[in-house]
Amino acid sequence: MAIKRDKKEEEDGGNMFQNLDKTSVLQDARTFNDTPVNPRKCTPILTKILFLLNQGEQLGTTEATEAFFAMTKLFQSKNPVLRRMVYLGIKELSNLAEDVIIVTSSLTKDMTGKEDLYRAAAIRALCSITDATMLQTIERYMKQAIVDKNPSVASAALVSSLHMSKTAGDVVKRWVNEAQEALNSDNVMVQYHALGLLYHIRKTDRLAVNKLVARLTSDRSNRLKSPFAFCMLIRIACKQLEKDGGDYSDSPLFGFVEACLRHKNETVTYEAAAAMVNLRNTTARQVSPAVSVLQLFCNSSKPALRFAAVRTLNKVAMTHPPVVTSCNLDLENLITDPNRSIATLAITTLLKTGAESAVDRLMKQIASFVSEISDEFKIVVVQAIRALCLKFPRKHNTLMTFLSAMLRDEGGLEYKASIADTIITIIEDNPDAKEIGLAHLCEFIEDCEHVSLAVRILHLLGKEGPKTIQPSRYIRFIYNRVILEIAVIRAAAVSALAQFGSLCPDLLPNILVLLARCQMDTDDEVRDRATYYHYILSLQEKGLIFNYIVDPMQICLVTLEKSLAQQVQEKSSTKFDLKSVPPAAVVTMTEDTAKEPVPEGSISTVPAKAPLIQSTVSSYAEKLQNVPGLQSIPGVLFHVSEPVELTESETEYFVTCTKLAFPNHLVLQFECKNTLSDQLLENVRVQVEASEGYRVVKEISIPRLPYNETHNAYVILQFPDQLALTVTNFGATLRFIVKDCDPTTGIPDADDGYDDDYMLEDVEISISDQIEKISMDKEAFDRAWETAIEDGFTESEDTFNLPGMGSLEQAVTKVVKFLSLEPTGLTRIADRSSVMLCMPGMFRGGIEVLIRAKLAVSNNGVSMQFTVKSAHPEVAELICAAVG
Amino acid sequence: MSGFFSRLSALFGLKKKSVKVIMVGLNNSGKSTIVSLLKSDGDKNSEIVPTVGLNIEHFRYQQVLFTMFDMSGQGKHRYLWERYYKNCDGIIFVIDSSDRLRLAVAKEELNLLLKHPDLSNRKIPILFLANKMDVREALSSVKIANAFGLEKIKDKPWHIFATSALTGEGLQNGIEWFTEQLSQGDVYT
């Protein structure tokens, strides 16, 4: 039979829709205009249109509108199959065609008519063509439909209302009573959808949600019947519990979730158990009933339940170890489960929680079937191993061997990357494992088809290899890549070689030979790098090598490129000053980047990564280029401060200020939002009262600010010549012309408005708005600090007492935040009595600043010795003074 | 195809079985009410609300099956009428004869309709219904015909009837004339 069908498909050319042509299908759609309508002909044509749309074919507005209007003629036919296709067609075309409201009355008729087949689908189609302004005309019918006796009609109306609430929340809010009534329906789906809508309407109002949940949970015996609604209610309850915080034990919500553990329906029971173990801040006693439910599920005969239970346990293994330990016995049984997914999850869960002695046995178990499971589950295994290595460092040998075996197997990039990541983590965490790990990685890159991984590993070898006992053994592996691989990898290998050359003086002559050979490479980038490194290394000058290979300068590349282009264009005779370019944004270690192979790696020589670091400064600079009147500011944008709110949120007008520092100018960007629906604001500008020394160069106003829109107004100021005057406060007032308008259409009632103003909070210009952080490691800072005086820096020093500081930690955060700089080499300070902060920075105009603050706990608060070194004496003084 | 067959059937003197008619006129002139009256199959909507877009209705009068495109008369939707001009076999233009103020508006809309390229060269019947004759200050059909300058329409058969959609008075005569026109004329030229 199957063969026969295959044959037939071959004859037909497989998919009958495969070679459809948009133009000819739309041509066919003209058949819709014939009288009488022929459903047999029209239905396949509609199907073809839908197929094309779903394949991603783009219809122009005219085409779509034409097809849509042809389709409206099909309402003549009463054929239910054709009508259903028409509904689908309307939904698909509703976003593309114009004047789709033409079918409103036809759909309303179907939705209220006698034919049940039409009604639900008509509601869905109707809601897709209705926008907020038209909703009022169908509101009455929607309300009726929500409480309709027919469950499919009621469900369709409820779900459509949920969709509509995105665009017309206010109208949908009025349907609460109907939704309430639908909640009492006997149908499981209607109940579920009604609860969904009710929650959606109220979800911003915490009290209302509490009330809703409380009412539904109190007399649950006769109200909710639908298991889906129960699951939803459990989720809502848990969200509320997390929000409320505090102790759960006497909360009625927690009591409700617990009671759900005894529900007849397995779905509800599982949902409750999973919710309880996922709750934060629960005690062991509180979750124990949930655990016993999961335990029960582990022994269920249904694979779905076993899988659900073991997956939940796996997820919470790290957060609630005691929960999982009590299920260990059941998990042991699941290791041999015929379903491999269940077995994998069981083993990895055990690995996460088990004792050191069990590791070898479990690893053997996994090895027996690792080749049979999918990549996705292999990653789960790898992550379990990673956790294990951190827990039992002594086991690294077994685990590393296992990992390297996995590395050699077939697998996708994500899988391989997770293995490499794990090995790298182990290397960093455990110095004993470093040599073995690097050896495994070297072997891996010998035969690695993923370019990005190879580049990463080469970079790591360059960083870590020179510090090992016998660096020379890695050279062969790296140079092999230069001979055998594609250009990207060759370039990375050349960089890695240079690292060896700069850090291992005895290898230098050999490296120079190798680099000289690389200069003959066919690829430009490789050749450039080789030439660059070869030249610097052959100079044999310590300082140069350090600054340009080991710790190259951090500069915002995008801005550098722009300023160089400008320099060339202007053909100015002055020398290009590298210091006028802002330093690269410091990559702070967030959770995402923490996974990167080189956590200390904001210093990155890998070319593939460099373009990714697009700093906020350059993105702002680009934006400012598009604002007329702002291009004329001389110099490049140097620093962008965090936005500050100048109004309370929830007020009539919402204004935030971002300070943008240029070498000699300060641009204040005011983001203004109009939250009044019955006002249109025009000529909106911010007037600042510049303090002494500052000069307002230009004001840029917003011509039109309609309701709920955010636009930017700008004020350009010139910094005072006298640096001491730069730290100050400005008074600010929002000035505008108000025009009252119709809240729904936004069209003003009258042509002329009246002037009005609105007081804003003061704009504070602090020292941190004029300093950009640069990243430097501790060694580099120390070197710079030592040589600073020789380089002509001036020093300014002062001692302060910081009263009211409870702890050292608090004081450090305060100081760092005040200067908004990045302290280098800051270690844990929780249990120390004194700390030294080293903060390098760059003052506007490219003046280097080095700040050192020694903080110590004294009897009355924290005392601080604050030292600033800067190439410009005034700057050093200013910073010192500003801190006081 | 269908044009060919209908021509053939016209030759043999058979009556046309099915026609497409569009119904236009200003809002609140009573179009939907007339349609619901014509349907006369018992399931009349007790309540008529302003039409948004269009309604498509079927009814049979004598041997002819009417497919009625009842268009919305609201100002913002009137530009949608022309989308349905192309394939229609006849036009019913409903006028609120008690609304003197907007007679000029209705006349303007009629002129636009007559000038439309999809209609100007076709000899299709137009039925004018001077509706709401039950209202006391309603104008007579003759006055409306004069006000509209209907006598200038030379290329299309037309007729005007005073009707009341509430009582159904006059409607019967109008539809009878209209049906006759539709079955005679070869509308596909």
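Keep in mind the model is a prediction, meaning the values are calculated, not measured.

> Please give an account of the overall build of chain A that cites residues and values.
Scanning chain A from N- to C-terminus turns up 38 helices and 15 strands. Taking all 884 residues of chain A together, 38% fall into the buried category. Residue pairs in contact within chain A that sit at least 24 positions apart in sequence constitute 65% of those at least 6 positions apart.

> Describe the overall build of chain B, naming the residues involved and giving the relevant values.
The helix and strand tally for chain B stands at 6 helices and 6 strands. From first element to last, N terminus to C terminus, chain B shows the α and β order α-β-α-β-β-β-α-α-β-α-β-α. Relative to its full complement of 189 residues, chain B shows a buried share of 40%. Within chain B, counting contacts between residues at least 6 apart in sequence, those at least 24 apart form 74% of the total.

> Pulling in residues and values, what's your account of the packing of helix α11 (residues 176-183) of chain A against helix α12 (residues 188-202) of chain A?
All names here are of chain A. Where α11 meets α12, the closest approach of the two axes is 8 Å, and the angle between their N-to-C directions is 145°. The way α11 lies across α12 gives a crossing that is left-handed. Residues V176, A179, Q180, A182 and L183 of α11 touch α12, and the partners they reach there are V190, Q191, A194, L195, L197, L198 and I201.

> So, the sheet that holds strand β7 (residues 702-705) of chain A: which residues are in play, and what are the values?
Residues and elements named next belong to chain A. Pairing is antiparallel across the open sheet formed by 4 strands, whose spatial order is β7-β5-β9-β10. At either margin of the open sheet sits one strand with a lone partner, and together these are β7 and β10 (754-765). Ignoring strand direction, the axes of neighbouring strands in this sheet form an average angle of 30°. Relative to strand β9 (residues 728-740), strand β5 (residues 679-689) is paired through 9 bridges, and the arrangement is antiparallel. Residue pairing for β9: Q687 is matched across the bridge by T733.

> If you had to explain the pairing of β9 of chain A to someone new, which residues and values would you point to?
When a strand is regular, its side chains alternate between the sheet's two faces. Taken together, the 10 bridges between β9 of chain A and β10 of chain A define a ladder with antiparallel strand orientation. Across the sheet, the residue bridging to T733 of chain A is M759 of chain A, located in β10 of chain A.

> An account of the interface of chain B and chain A is requested, with residue identities and associated values reported.
Each partner contributes to the interface: chain B provides 14 residues, whereas chain A provides 16 residues. Broken down by secondary-structure element, the contributors of at least two residues to the side of chain B that touches chain A are β1 (18-25) and β2 (54-61) of chain B. With 3 residues, the single largest contributor to the side of chain B that touches chain A is β2 of chain B. Looking at side-chain class alone, the side of chain B that touches chain A contains 4 nonpolar, 8 polar and 2 charged residues.

> Just give me the short version of unusual backbone geometry, but keep the residues and values in it.
All names here are of chain B. A positive phi angle, close to 65°, is found at N28, a residue other than glycine. Inspection of the secondary structure assignment puts N28 in the loop between β1 and α2 (31-39). Since 13 C-beta atoms lie within 10 Å of it, N28 is described here as partly exposed. The residue K132 is not glycine, and still its phi comes out positive at about 65°. Tracing the backbone shows K132 in the loop between β5 (126-131) and α5 (141-148). Judged by the 24 C-beta atoms lying within 10 Å of it, K132 is buried.

> A description of the sheet that holds strand β14 (residues 847-858) of chain A should follow, citing residues and the corresponding values.
Within a sheet, neighbouring strands are paired by backbone hydrogen bonds and run either parallel or antiparallel to one another. Residue and element names in this part refer to chain A. Strand order in the open sheet made by the 5 strands is β11-β13-β14-β15-β12, with antiparallel pairing throughout. Because the sheet does not close on itself, it has two edges, and the strands there are β11 (771-773) and β12 (794-802). Going across the sheet, the axis of each strand differs from the next one's by a mean of 30°, ignoring polarity. Relative to β14, strand β13 (residues 834-843) is paired through 10 bridges, and the arrangement is antiparallel. Counted as the bridge partner of M836 is K854 from β14.

> Could you give an account of the confidence of the model for chain A, naming the residues involved and the relevant values?
Residue and element names in this part refer to chain A. On average, residues of chain A score 80 in pLDDT, and 90% of them reach the 70 mark or higher. The secondary-structure element of chain A with the lowest mean pLDDT is helix α34 (residues 591-594), recorded at 36, while helix α9 (residues 151-164) shows the highest, at 92. Counted against residues more than four places away or in other chains, residues 1-10, with its pLDDT under 50, gives 1 contact. Confidence drops under a pLDDT of 50 for residues 587-614, and excluding neighbours within four residues, the segment shows 34 contacts in the predicted structure.

> Describe the packing of helix α6 (residues 104-112) of chain A against helix α8 (residues 135-146) of chain A, and please don't skip the residues or the numbers.
Residue and element names in this part refer to chain A. Packing of α6 against α8 brings their axes to within 11 Å, and their N-to-C directions diverge by 20°. One way to sum up the angle between α6 and α8 is to call them roughly parallel. Where α6 crosses over α8, the two elements pack in a sense that is left-handed. When α6 is examined against α8, the residues T104, T108, M111 and T112 are found in contact with a partner set consisting of T137, I138, Y141 and A145. A class-by-class count of the residues in the contact of α6 with α8 yields 4 nonpolar, 4 polar and no charged.

> Tell me about α6 of chain A, residues and numbers included.
For α6 of chain A, the tally of buried residues reaches 7 of 9 residues, placing the bulk of the element in the interior. Among all positions of α6 of chain A, only T104, S105, S106, L107, T108, D110 and M111 of chain A are buried. Those residues of α6 of chain A hidden inside the fold are in contact with α7 (116-129) and α8 of chain A together with β2 of chain B.

> Talk me through the confidence of the model for chain B; I want residue IDs and the actual numbers.
All names here are of chain B. Across chain B, pLDDT averages 83, with 85% of residues at or above 70. Looking across chain B, the model is least confident in helix α1 (residues 2-11), with a mean pLDDT of 50, and most confident in strand β4 (residues 90-96), with 93. Contacts for the low-pLDDT stretch residues 8-14, under 50 throughout, to residues beyond four places or in other chains number 2 contacts. In the model output, the complex is listed with pTM 0.58 alongside ipTM 0.82.

> Which residues make up the environment of R206 of chain A, and what values do they have?
All names here are of chain A. Among the secondary structure elements, R206 is positioned in helix α13 (residues 206-218). Judged by the 12 C-beta atoms lying within 10 Å of it, R206 falls in the exposed class. The spacing of R206 and D244 is 38 residues in sequence and 9.5 Å in space, taken between C-alpha atoms.

> Explain the environment of A876 of chain A to me, and be specific about the residues and the numbers.
Residue and element names in this part refer to chain A. With respect to the helices, strands and loops of the structure, A876 is situated in helix α38 (residues 873-883). C-alpha separation for the pair A876 and T794, spaced 82 residues apart in sequence, amounts to 7.2 Å. Those residues in contact with A876 that lie beyond four places of it in its chain are T794, E795, S796, V868, K869 and S870.

> Can you lay out the pairing of strand β3 (residues 653-661) of chain A for me, pointing to particular residues and giving the numbers?
Residues and elements named next belong to chain A. The sheet contact formed by strand β1 (residues 639-640) and β3 spans 2 bridges and is antiparallel. Pairing of V640 across the sheet is with L660, part of β3. Of the strand pairs in this sheet, strand β2 (residues 644-645) and β3 are connected by 2 bridges, and their pairing is antiparallel. The residue of β3 that forms the bridge with E645 is T656. Across 9 bridges, β3 lies against strand β4 (residues 665-674) in antiparallel orientation. Within β4, the residue paired with L660 across the bridge is V667. Hairpin connection of β3 to β4: 3 residues between the antiparallel strands.

> Give me the lowdown on helix α37 (residues 808-819) of chain A, citing residues and values where you can.
Residues and elements named next belong to chain A. Look at α37: 17 Å from first C-alpha to last across 12 residues, which is about the 16 Å you get at 1.5 Å a residue. When α37 is considered as a whole, its buried residues turn out to be A811, V812, V815 and L819. Seen along its axis, α37 keeps its buried residues to an arc of 100°; they face one direction. Those residues of α37 that are exposed and aimed more than 90 degrees away from the buried face are T813 and K817. Of the surrounding secondary structure, the elements contacted by the buried residues of α37 are β11, β12, β13, β14 and β15 (861-870). Note on α37: the residue one or two positions beyond its end, S820, has a positive phi of about 45°.

> I'd like to hear about the environment of L850 of chain A, residue by residue, with values.
Residue and element names in this part refer to chain A. Among the secondary structure elements, L850 is positioned in strand β14. When the C-alpha positions of L850 and T867 are compared, they lie 8.3 Å apart, and in sequence the two are 17 residues distant. With residues near it in sequence (within four places) discarded, L850 still touches A784, W785, A788, P840 and K869.

Reading the values: the criteria
Residues numbered from 1 in each chain as written. Chains lettered and ligands numbered in written order. Predicted model: local features only at pLDDT ≥ 70, side-chain atom pairs only at ≥ 80, totals over all residues. Helix = DSSP H or I, 4+ residues; strand = E, 2+ residues; numbered from the N terminus. Buried ≥ 20, exposed ≤ 12 C-beta atoms within 10 Å, placed from the backbone. Contact = placed C-beta atoms within 7 Å. Axes fitted to C-alpha atoms, helices over the stretch in contact; angles between N-to-C directions. Left-handed = near helix turned anticlockwise from the far one by under 90°. Pairing = 2+ DSSP bridges. Nonpolar A, V, L, I, M, F, W, Y, C, P; charged D, E, K, R; others polar. pLDDT = per-residue confidence, 0-100. Parallel < 35°, antiparallel > 145°, perpendicular 65-115°, else oblique. Expected span 1.5 Å × (residues − 1). Arc of directions from axis to C-beta.

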